Amino acid sequence: MKSTEVKNRTSADGIKCLRLITAVKTPYLPDGRFDLEAYDSLINTQIDGGAEGVIVGGTTGEGHLMSWDEHIMLIGHTVNCFGTNIKVIGNTGSNSTREAVHATEQGFAVGMHAALHVNPYYGKTSTEGLISHFEAVLPMGPTIIYNVPSRTGQDIPPPVIEAISRYSNMAGVKECVGHERVKCYTDKGITIWSGNDDECHDSRWKYGATGVISVASNLVPGLMHNLMYEGENVMLNEKLLPLMQWLFCQPNPIGLNTALAQLGVVRPVFRLPYVPLPVEKRVEFVRIVEAIGRENFVGEKEVRVLDDDDFVLISRY
C-alpha cells in the first residue's frame, strides 16, 4: 500500500476540536507483557471522565520501550475496542523518516484517527530536513506535531510549523515551549495543545490554546475536563498544581507509573529503565490525594504508600 493510498478514518478538523487528550499509560503484567485488562479499564475511565482522545504509545505510554509490533497492536486494540467512543492518536513518530513512514502507514491501516509525530531526535537535522521529514508523513492522515525540546534536544521553530501548516492533514501542534510560543501560533490560526499540565489552564484561557495533551488526566480526568471546558478557574488550577508538579519531580512517566500503582489501578510493574519514586515521594502523593479528594482520582481502592519490595522491575520484555 502506498503512503498516499492510506484512507483517513477522520479529518484533521475532527481532531482540531478535541480539548482534552490523555497521553495514556501502558500497564504491564509481572512478566512485562501488556496488561490489556488494566489498559481497557484505564481507557474506559478516560471516556467516563470526559477525555475526547488518547495518545497511544507516546512518551507517557512508553512507546520507546515497545517493539513496533507491540506498538501497532496496541493502537489497533484501542481502535477496535474504543474507537467509536474516543479518538485514537497513535504515536508513530521516529528519528528515522523511514521508520516514521512505515509505522504511520501501519497505524492508519489498523484504524487510528490521527498520528503524533516528534522531530528527529539525537540524530538532529536542519530546518529543511525537519520540513522534509514531516512532509513525508503528512499525506497519510491527520497529524499532530509534537515539540518537546527537553527530550529531543532540538526545538521545532515556527518557520517549520508555518511551512507545513498548509497541509490539510496538519491538525496542530502539541507545544511544550511555553505561552509565548502558543500565542505565536494561535494568533495565526494554528491549533495548539499545551504539552505542559502546569501551564495548560493559562494556555487555554489566556493564550488561545485549544486544549491540553495531558499526563495528569490519567489520574483526574474529570477535573482536567473541567479545567479545559468550564472557563477560567484559578482555584481549581491552583488545587491541581501540587499534583502536576509532583508528577514531574522526576522524568515522566516515573511519577505517573508510581501514582497509578499506589491507587491500585495498575500492577506495580516497571519496564526498566524506569523505577518507582522513592518512599518519601510516595508518602507525599498520598497527602496530595487526600488534599484533592480520593473521589476525584481514578480507581476505587484506598491509596497506599507501597513498600519498595512491592515493585517489580523488568529488564527483559
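Residues numbered from 1 in each chain as written. Predicted model: local features only at pLDDT ≥ 70, side-chain atom pairs only at ≥ 80, totals over all residues. Heavy atoms only, no water.

Student: Would you mind showing me how to read the nonpolar core here?
Tutor: As a rule of thumb, nonpolar side chains are buried together in soluble globular proteins. By size, the foremost hydrophobic cluster in this structure holds 64 residues, and its most contacted members are L219, M224, L240, L243, F285 and F297. Setting aside residues no more than four positions away along its own chain, M224 makes contact with L20, D197, C200, V212, S214, A216, S217, L240 and M244. Judged by nonpolar contacts, the second largest core, of 17 residues, contains A23, L116, A171 and I213. (Core = buried A, V, L, I, M, F, W, Y, C linked by side-chain atoms within 4.5 Å. Buried < 20%, exposed > 50% of the residue type's maximum accessible area, 1.4 Å probe, protein only. Contact = heavy atoms within 4.5 Å.)

Student: What am I meant to see in unusual backbone geometry here?
Tutor: Residues apart from glycine generally show negative phi values, whereas peptide bonds are mostly found in trans. At the junction of N252 and P253, the peptide bond is cis and its omega measures out at 15 degrees in the coordinates. Along the polypeptide, P253 turns up in the loop between α11 (234–247) and α12 (254–262). In the Ramachandran plot, E62 falls in the positive-phi region, its phi being about 60 degrees despite a non-glycine side chain. Among the secondary structure elements, E62 is positioned in the loop between β2 (53–56) and α3 (68–82). (Helix = DSSP H or I, 4+ residues; strand = E, 2+ residues; numbered from the N terminus.)

Student: What's the story with helix α4 (residues 97–109) in this structure? I'm lost.
Tutor: Residues separated by three or four positions in an α-helix point in the same direction, a consequence of the helix having 3.6 residues per turn. With 13 residues, α4 should cover 18 Å at 1.5 Å per step; its first-to-last C-alpha distance of 18 Å lies within 8% of that length. Of the positions making up α4, those classed as buried are A100, V101, A103, T104, E105, G107 and F108. On its buried side, α4 packs onto α3, β4 (114–118) and α5 (127–137). Positioned one or two residues after α4, G111 has a phi angle of 105 degrees, which is positive. (Expected span 1.5 Å × (residues − 1).)

Student: Mind showing me how you'd approach the UniProt feature "binding site: pyruvate" (unreviewed entry) in the protein here?
Tutor: The UniProt record annotates "binding site: pyruvate" (unreviewed entry) at T60 and I213. Annotated residues spanning 154 residues; largest pairwise C-alpha distance 10.7 Å, indicating a single compact cluster. Along the polypeptide, T60 turns up in the loop between β2 and α3. The contact partners of T60, leaving out residues within four places of it in the chain, are A23, V24, K25, V215, N218, N252, P253 and L256. Structurally, I213 can be placed in strand β8 (residues 211–214). Not counting residues within four places of it along the chain, the set of residues in contact with I213 comprises I21, A23, I55, I144, K174, W193, S194 and G195. (UniProt positions renumbered as here; feature names shortened; annotations may be inferred.)

Student: What exactly am I supposed to notice about the UniProt feature "active site" (unreviewed entry) in the protein here?
Tutor: Per the UniProt record, "active site" (unreviewed entry) is found at Y146 and K174. The largest pairwise C-alpha distance within this set of annotated residues, which runs over 29 residues, is 4.7 Å, so the set is compact in three dimensions. In this fold, Y146 is placed in strand β5 (residues 143–147). The residues contacting Y146, other than those within four sequence positions of it, are T59, L116, H117, V118, N119, I156, K174 and C176. With respect to the secondary-structure elements, K174 resides in strand β6 (residues 170–175). For K174, a relative accessible area of 8% translates into the label buried.

Student: I would appreciate a short explanation of the packing of aromatic side chains in the present structure.
Tutor: The description of two aromatic rings rests on the distance between their centres and on the angle between their planes. Enumeration according to the criterion identifies 4 aromatic pairs in this entry. Between F285 and F297 the ring centres are 6.1 Å apart and the planes differ by 85 degrees, which places this aromatic pair in the edge-to-face class. Separated by 12 residues along the polypeptide, F285 in helix α13 (residues 279–292) and F297 in the loop between α13 and β10 (312–314) bring together distant segments of the chain. Take F285: its relative accessible area is 0%, and that puts it in the buried class. What links up through ring pairs into an aromatic cluster is the set W246, F285 and F297. Lying over the aromatic face of Y146, K174 brings its terminal NZ or CZ to 4.1 Å of the ring centre. A cation sits over an aromatic face here: R204 above W205, 4.0 Å from the ring centre. (Phe/Tyr/Trp six-rings, centres within 6.5 Å; stacked < 30°, edge-to-face > 60°. Lys NZ or Arg CZ within 6 Å of the ring centre and 35° of its normal.)

Student: I tried to follow the pattern of salt bridges on my own but got confused; where do I start?
Tutor: A full pass over the atoms with the stated rule returns 11 salt bridges. Salt-bridge contacts for K16 lead to D13; the nearest nitrogen and oxygen are separated by 4.0 Å. With K16 and D13 both in helix α1 (residues 13–16) and 3 residues apart, the pair spans about one turn of that helix. (Salt bridge = Lys/Arg side-chain N within 4 Å of Asp/Glu carboxyl O.)

Student: Looking at this structure, how should I read the sheet that holds β6?
Tutor: Sheet strands associate in pairs through backbone hydrogen bonding, adopting either a parallel or an antiparallel arrangement. The strand order around the closed barrel formed by 8 strands is β1-β2-β3-β4-β5-β6-β7-β8, and the pairing between neighbours is parallel. Neighbour-to-neighbour, the strand axes of this sheet turn through a mean angle of 25 degrees, independent of strand direction. Strand direction decides the pairing type here: strand β1 (residues 20–23) and β2, joined by 3 bridges, are parallel. Bridging across to β2, I21 finds its partner in G53. Lying over the sheet, α3 contacts β2 and β3 (87–91), oriented at roughly 175 degrees with respect to β3. Where helix α10 (residues 221–229) meets the sheet, it contacts β1 and β8, and its direction lies at approximately 155 degrees from that of β8. (Pairing = 2+ DSSP bridges. Axes fitted to C-alpha atoms, helices over the stretch in contact; angles between N-to-C directions.)

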